[in-house]
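A look at the structure
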Amino acid sequence: MNDVPAHPEHRGHFRPLLGGAVTLAVVVGSVAVATLSTAGTASAAASTLKAGAEATGRYFGAAMGADRLSDSGFLAIASREFDMMTAVNEMKPDATEPYSGQFNFSAGDSIYNWVTSHGMRMRGHTLAWHGQQPNFWRNLSGSSLRSAMLEHINGVLTHYKGKMPYWDVVNEAFAEDGSRRQSNLQATGNDWIEAAFKAARAADPSTKLCYNDYNIENWTYGKTQGVYNMIKDFKSRGVPVDCVGFQTHFTGGSSLPSNFQTTLQNFANLGVDVALTEVDVTNASTSQYAGLTQACMNVSRCVGITTWGIRDSDSWRSSESPLLFDGSGNKKAAYTSVLNALNAGSSTVSTGPSQQPGNPSSSPTSGQQGGSCTATLSAGQQWGDRYNLNVSVSGSDNWTVTMNVPSPERISSVWNVSGTWPSSQVMIGKPNGSGNNFGVTIMTNGNWTWPSVSCSTS
Ligand code: XIL
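Below or above, wherever it landed, is the structure these notes cover. (Residues numbered from 1 in each chain as written. Predicted model: local features only at pLDDT ≥ 70, side-chain atom pairs only at ≥ 80, totals over all residues. Heavy atoms only, no water.)

1. Notes on the site of the ligand
- Close to the ligand lie 13 residues; Lys-92, His-125, Asn-171, Glu-278 and Trp-308 are nearest.
- Trp-308 places a side-chain nitrogen or oxygen 3.0 Å from an oxygen atom of the ligand.
- In the complex, 76% of the free accessible area of the ligand, which totals 410 Å², lies under the protein chains.
- When its residues are assigned to classes, the shell around the ligand shows four nonpolar, six polar and three charged. (Near = heavy atom within 4 Å. Polar contact = N/O pair within 3.5 Å; in protein donor to acceptor, adjacent residues only side chain to side chain. Areas by Shrake-Rupley, 256 points an atom, 1.4 Å probe, with all protein chains shown as cover. Nonpolar A, V, L, I, M, F, W, Y, C, P; charged D, E, K, R; others polar.)

Below, the structure is given as structure tokens:
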């Protein structure tokens, strides 16, 4: 599905010059500080948004409608600069299920097919929302509307099963004061949001399930607190929520709050990924664009940034000229401020060692006994399309570990082990002199099930 590198660890998570400067810092202290900043901004700088983001394991996304598929100027910038895409309207409830039980994925699929054939991935947007509902939802209420919503979620996620790294399951469910927004969905019962997330998890365990909203960037704002308390409650009760999307519309009278990074970090600390999902900024203020980019780059669970369109002429608020490219496709000053902030970023994405990749129903294999050794798996870093596992062997120094991942996952690289490869799904590892701990990177290709391992002594 994705244009994924064969050796993701070489994709730029390490910056040779930066690494050199860090080593120097250990040796000569303050002199190295100047060296560090020089090295960080000079030779290692990426020249596109996606390369800048990917250097720290993040993505840089945009939004498009199906009408842009015939706009060669748009498509050229999209494939050059972006590695993630959101459909502006084509995956919303009114588009995907216009009549009860009659799903229509033609427009969404046309975007999906172009995007994925150009090495990019998609964020799914959105499954349950007060806006852009099919007419038949408007004629329903109570348990019949609840059922329609759940069947809609099941139908859309079944169609896109294994194809989306993230879905905005519920969009804009809070009012400005932090209470629930009054809507026909809310009127089906206060548990409608958790019901939506549970249905989503059941339909596609591979996709990360996000709550998405606007005006939740300012930590002290009532709406931010309302959403935060819901996510905290969901996490404490095991309701499946994996991420929070901050729309980051600094248009229509909103602007960057100075505490945005605090907000992102506080949500991340609840155990969810965070992302900036619909960014636009009035007149493309360079300082606000730099600031919002830095806020994400400084939070290790901030997985990526998406702008709501590419050129000002693509924007839903085009009169505010809020995007990174002008109507002719030229880079604006804000583009440079974002790219510089991406290039200055140093915190590599980590979705947290305690979180098992993807599907929580596929519990980690904590080691299978074979002979007199045990191989134990634990989670390493995780990205949108792949994850690392640490393998710890006990019981013997002369071990053979056999690891199997289910297709279409594949083991893409290993370290601190001598591996042989009967297939890209199977790796047989033996000690290479580095001790009894080694690592693997697994490309998910949509399946986040952990491998099985067995250990034998020779
Ligand atoms: C907007 C689209 O850009 C418009 O084309 C459409 O008319 C209305 O919706 N928050 C969201 C997005 O989550 O889905 C909205 O997109 C913008 C606000």
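2. With respect to the state of the cysteines
- Across all of its chains, the model carries two disulfides by this definition.
- Paired by a disulfide, Cys-210 and Cys-243 hold their sulfur atoms 2.1 Å apart. Residues Cys-210 and Cys-243 share a disulfide whose torsion about the S-S bond is about -85°; that sign makes it left-handed. You can see Cys-210 sitting in strand 5 (residues 208–213) and its partner Cys-243 sitting in strand 6 (residues 243–246), a full 33 residues away along the chain.
- With a relative accessible area of 1%, Cys-210 lands in the buried category.
- Here Cys-296 is linked by a disulfide to Cys-302, with a sulfur-sulfur distance of 2.1 Å. Classification of the bridge connecting Cys-296 and Cys-302 rests on its S-S torsion, roughly -105°, and on that basis the disulfide is left-handed. Taken individually, Cys-296 and Cys-302 each receive the classification buried, so the pair is uniform in this respect. (Disulfide = S-S within 2.5 Å. Helix = DSSP H or I, 4+ residues; strand = E, 2+ residues; numbered from the N terminus. Buried < 20%, exposed > 50% of the residue type's maximum accessible area, 1.4 Å probe, protein only.)

3. Quick look at helix 11 (residues 260–268)
- Along helix 11, the residues classified as buried are Phe-260, Thr-263, Leu-264, Asn-266, Phe-267 and Ala-268.
- The elements touched by buried residues of helix 11 are helix 10 (222–237), strand 6, strand 7 (249–250), strand 8 (273–281) and helix 12 (286–297). (Contact = heavy atoms within 4.5 Å.)

4. Overview of helix 4 (residues 72–81)
- All of the buried residues along helix 4 are Phe-74, Leu-75, Ile-77, Ala-78 and Glu-81. Looking straight down helix 4, one finds that the buried residues subtend no more than 165° of arc, so they occupy a single side.
- Looking at the packing, one finds that the buried side of helix 4 touches helix 3 (49–54), strand 1 (59–64), strand 2 (84–87), helix 6 (106–116) and helix 13 (333–344). (Arc of directions from axis to C-beta.)

5. Re the sheet that holds strand 10 (residues 374–382)
- Strand order in the open sheet formed by four strands is 10-11-16-13, with antiparallel pairing between adjacent strands. The sheet is open, and its two borders are formed by strand 10 and strand 13 (410–415), each paired with just one other strand. The sheet shows a mean angle of 30° between the axes of neighbouring strands, direction not considered.
- For strand 13 and strand 16 (residues 437–443), the ladder comprises five bridges, and the chain directions are antiparallel. When the sheet's bridge partners are listed, Ser-413 is paired in strand 16 with Thr-441. (Pairing = 2+ DSSP bridges. Axes fitted to C-alpha atoms, helices over the stretch in contact; angles between N-to-C directions.)

6. Description of the nonpolar core
- Leu-49, Val-170, Phe-197, Ile-231 and Tyr-289 are the most contacted members of the largest nonpolar core, which totals 86 residues.
- The element best represented in this core is helix 9 (residues 192–203), accounting for seven residues.
- When residues no more than four places from it in sequence are discounted, the contact partners of Val-170 are Thr-126, Ala-128, Trp-192, Ile-193, Ala-196, Phe-197, Cys-210, Tyr-211 and Asn-212.
- Within the second largest apolar cluster, 22 residues are counted, among which are Ala-379, Tyr-387, Val-405 and Val-440. (Core = buried A, V, L, I, M, F, W, Y, C linked by side-chain atoms within 4.5 Å.)

7. A short note on the pattern of salt bridges
- Summed over all chains, the structure comprises 17 salt bridges.
- Close ionic contact of Glu-194 with Lys-198 constitutes a salt bridge, the shortest N to O distance being 3.7 Å. Here Glu-194 and its partner Lys-198 are both found in helix 9, four residues apart, which amounts to about one turn of the helix.
- According to the relative accessible area criterion, Lys-198 is partly exposed, its value standing at 44%.
- Of the charged contacts in the structure, one is a salt bridge between Glu-194 and Arg-237, with a shortest N-O distance of 2.9 Å. With Glu-194 in helix 9 and Arg-237 in helix 10, this pair connects stretches of sequence that are 43 residues apart.
- Its relative accessible area of 15% is what places Glu-194 among the buried residues.
- One connected set of salt bridges, linked through shared partners, spans Asp-67, Arg-68, Asp-71, Arg-311 and Asp-314. (Salt bridge = Lys/Arg side-chain N within 4 Å of Asp/Glu carboxyl O.)

8. Re the environment of Val-440
- Its location among the elements puts Val-440 in strand 16.
- It is 5.5 Å that separates the C-alpha atoms of Val-440 and Leu-389, two residues lying 51 residues apart in sequence.
- Among residues more than four places away in sequence, those in contact with Val-440 are Tyr-387, Asn-388, Leu-389, Met-403, Ile-411, Ser-413, Val-414, Trp-415 and Met-427.

9. Observations regarding the pairing of strand 1
- With six of six residues buried, strand 1 lies mostly within the body of the structure.
- Of the two faces of strand 1, the one carrying Tyr-59, Gly-61 and Ala-63 and the one carrying Phe-60, Ala-62 and Met-64 are both buried.
- Alignment of strand 1 against strand 9 (residues 302–307), held across four bridges, turns out to be parallel. In the strand pairing of strand 9, Tyr-59 is matched with Gly-304.
- The sheet contact formed by strand 1 and strand 2 spans four bridges and is parallel. Across the sheet, the residue bridging to Met-64 is Ala-87, located in strand 2.

10. Quick word on the environment of Gln-247
- Considering the arrangement of structural elements, one finds Gln-247 in the loop between strand 6 and strand 7.
- Given the relative accessible area of 1%, Gln-247 is considered buried.
- For the pair Gln-247 and Asp-280, spaced 33 residues apart in the sequence, the C-alpha separation amounts to 8.8 Å.
- What Gln-247 contacts, discounting residues up to four positions off in sequence, is Asn-171, Glu-172, Asn-212, Asp-213, Tyr-214, Glu-217, Thr-277, Glu-278 and Val-279.
- A polar atom in the side chain of Gln-247 sits 3.1 Å from the side chain of Asn-171.

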